[in-house]
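Given next are the chains, with one letter for each unit.
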Amino acid sequence: MPAKTAKYIRIFDTTLRDGEQTPGVSLTFEDKIEIARQLSLLGVDTIEAGFPASSDGERKVIKEIAKAGLGTEICGLARANRNDIDAAIECDVDAVHVFIPTSPVQMKYAVNLTPEQVVSATVESVEYVKKHGLICEFSPMDATRSELPFLKQVCQAAEKAGMDRLNVPDTVGIMIPRTMNKLIEDIKTVVTVPISIHCHDDFGMAVANSLAAVEAGATQVHCTINGLGERAGNASLEEVVMALHMIYKLKTGVNTRLLYSTSRMVATLTGISVQANKAIVGENAFAHESGIHTRGVTVKPLTFEPIKPEVVGRTRKLVAGKLAGTRGIKAELEEIGIHPSEEQLKEIVQRVKDLGDKGKLVTDADLLALTSAVMGEVIAEEKVVDLCDLAVVTGIKVIPTASVRLVLDGKEYIAAETGVGPVDAVLKAIQKLTHNLAKIRLKEYRLEAITGGSNAVAEVVIKVEDEKGHIVSARAAREDIVMASVEAMINGINKCLIKSRKLGNKK
Ligand code: KIV
Ligand code: ZN
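Rules used throughout
- Residues numbered from 1 in each chain as written.
- Chains lettered and ligands numbered in written order.
- Predicted model: local features only at pLDDT ≥ 70, side-chain atom pairs only at ≥ 80, totals over all residues.
- Heavy atoms only, no water.
- Axes fitted to C-alpha atoms, helices over the stretch in contact; angles between N-to-C directions.
- Helix = DSSP H or I, 4+ residues; strand = E, 2+ residues; numbered from the N terminus.
- Parallel < 35°, antiparallel > 145°, perpendicular 65-115°, else oblique.
- Left-handed = near helix turned anticlockwise from the far one by under 90°.
- Contact = heavy atoms within 4.5 Å.
- Nonpolar A, V, L, I, M, F, W, Y, C, P; charged D, E, K, R; others polar.
- Patch = residues over 30% accessible without salt bridge, like charges linked within 9 Å, V, L, I, M, F, W, Y side chains within 5 Å.
- Areas by Shrake-Rupley, 256 points an atom, 1.4 Å probe, with all protein chains shown as cover.
- Salt bridge = Lys/Arg side-chain N within 4 Å of Asp/Glu carboxyl O.
- Near = heavy atom within 4 Å.
- Polar contact = N/O pair within 3.5 Å; in protein donor to acceptor, adjacent residues only side chain to side chain.
- Pairing = 2+ DSSP bridges.

## Here's the deal with the packing of helix 8 (residues 206–215) against helix 9 (residues 237–247)
Next up, step 1: Where helix 8 contacts helix 9, the two axes come as close as 10 Å, and the packing angle between them is 40 degrees. One element, helix 8, and the other, helix 9, form an angle in the oblique class. Our pair here, helix 8 against helix 9, has a crossing hand that is right-handed. Touching Val 207, Leu 211 and Val 214 of helix 8 are Glu 239, Val 240, Ala 243 and Leu 244, all from helix 9.
Next up, step 2: Across the contact of helix 8 with helix 9, the residue classes tally to 6 nonpolar, no polar and 1 charged.

## A few points about a nonpolar patch on the surface
Next up, step 1: On the surface, a cluster of nonpolar side chains totalling about 240 Å² of accessible area is made up of Tyr 445, Leu 447 and Ile 481.
Next up, step 2: Counting through the fold element by element, Leu 447 comes out in strand 12 (residues 441–449).

## Some thoughts on the site of ligand 1
Next up, step 1: Taken together, Arg 17, Asp 18, His 97, Phe 99, Ser 139, Met 141, Pro 169, Thr 171, His 198 and His 200 are the residues near ligand 1.
Next up, step 2: Asp 18 places a polar side-chain atom, nitrogen or oxygen, 3.1 Å from an oxygen atom of ligand 1.
Next up, step 3: Measuring from an oxygen atom of ligand 1, one finds a side-chain N or O atom of His 200 at 3.0 Å.
Next up, step 4: Those elements that place two or more of their residues in the shell around ligand 1 are strand 4 (95–101) and strand 5 (135–141).
Next up, step 5: Residues belonging to the shell around ligand 1 are distributed by class as follows: 3 nonpolar, 5 polar and 2 charged.

## What about the side chain of Asn 234?
Next up, step 1: Positionally, Asn 234 belongs in the loop between strand 8 (220–223) and helix 9.
Next up, step 2: At 3.4 Å, the side chain of Asn 234 and the side chain of His 198 are in polar contact.
Next up, step 3: Each residue touching Asn 234, except ones within four places of it in the same chain, is listed here: Thr 14, Asp 18, His 198, Cys 199, His 200, Asp 201, Ala 206, Thr 224, Gly 227, Leu 228 and Gly 229.

## As for the sheet that holds strand 11 (residues 411–418)
Next up, step 1: Overall, antiparallel pairing links the 3 strands, which are arranged 9-10-11 in an open sheet. Bordering the open sheet on either side are strand 9 (385–393) and strand 11, each of which pairs with just one other strand. Neighbour-to-neighbour, the strand axes of the sheet open up by a mean angle of 15 degrees, direction not taken into account.
Next up, step 2: Pairing between strand 9 and strand 10 (residues 401–408): 8 bridges, direction antiparallel. Each bridged residue has a counterpart across the sheet, and for Leu 390 the counterpart in strand 10 is Val 404.

Now the structure itself:
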């Protein structure tokens, strides 16, 4: 280990900012709060909660995260101008991450500024943040394509103006470990503040480059859960952290046992699923198929397992199955920071056993999906809408038709609808009945088969929107796609109705 490597590496999580810039991702207010809470439990040092100047909605959620008392540094991103910095200050964040391009191509074509203007905007912005008593992290954007003498000049000017940390972005991911190592060494000759690294994965080297920066003396790494982020994404937090702990023997504040549940939560809420063979959190990361491997790991796990699965909140393969008891499932969930109530635990165990009875292998992903569905359900006493009965018909020469019997505010109603398929028909029938209570519409519907096979557990995540534009998300997990869809829809409608009634809008 090079002598310049620090013992503790800060983890700056940007899932809610760069991660949310992943094409196709748009998180609701509730999603962002849920993820921020989880990141704080996970133990990251900084949560970059968003880009305050981008919209009113963004400011609202960043403010909420900042006042949630998470005990984690909350940061807002700002371009190097007063408006953006004021927007971040307005959110009561602890730190402002100021950025400005320093490469010739971006200075000219992205912001149309001369190098002199870039230096003066840097100095003014850093001074302005410090004048307001906040932590200032500064990023010369596209640092890795900037001319080194100019990059050094900007960094020195930012340090003189009072920046607390210097972040070095490899904005378009063009570095390799050797060039990254050299660049950090060069920058270290002109600045004394802690150095941070922010790598993109365009050539699949974000994690390797981040580690090379640490070897050269960087003491903070920007990362995202599941490696989400612009284009090919950012350095994946779970990979960076595990490599730092296990290969480099360095410390971070991350509780690695929560890595898998955090990854699942982010995959579910963003709708960006994790590839099966992804390190640490992919479905196959702890699965063994060939005879030699399975025999080896059964006798001595170290034969084919460089990481103990439980260290990252995983199990080797099935644990929860037909024979799993309440205590075993409770312990397994508690180990990864999930604490269901007694009622919820009973329901989770029941669902696991139901699957086991059908001869299905219950993987850790199945268990987590079932658990988050049960825990996210609206509890019985609060339900405004409940399902009594349901029938669907579908076939080659049959128009898919569904009939549902629901209890709405204590009274029973029946409706039937047709659709392009059984799920469409049943969701339309439910909406037909609940339309009189509130005009709630389905905004987004996502279906994921957790594990392979036609008997896979299907996880359905929906977003519904009420007349006032409030969006809530809900989920359900069952082996039956129609049932999972119905449960998720009814959960979403209940959440929406309960929320608006609590706000005093009783219909
Ligand atoms: O990739 C990048 O350069 C960024 C900056 C805002 C730091 O995300
Ligand atoms: Zn970035």
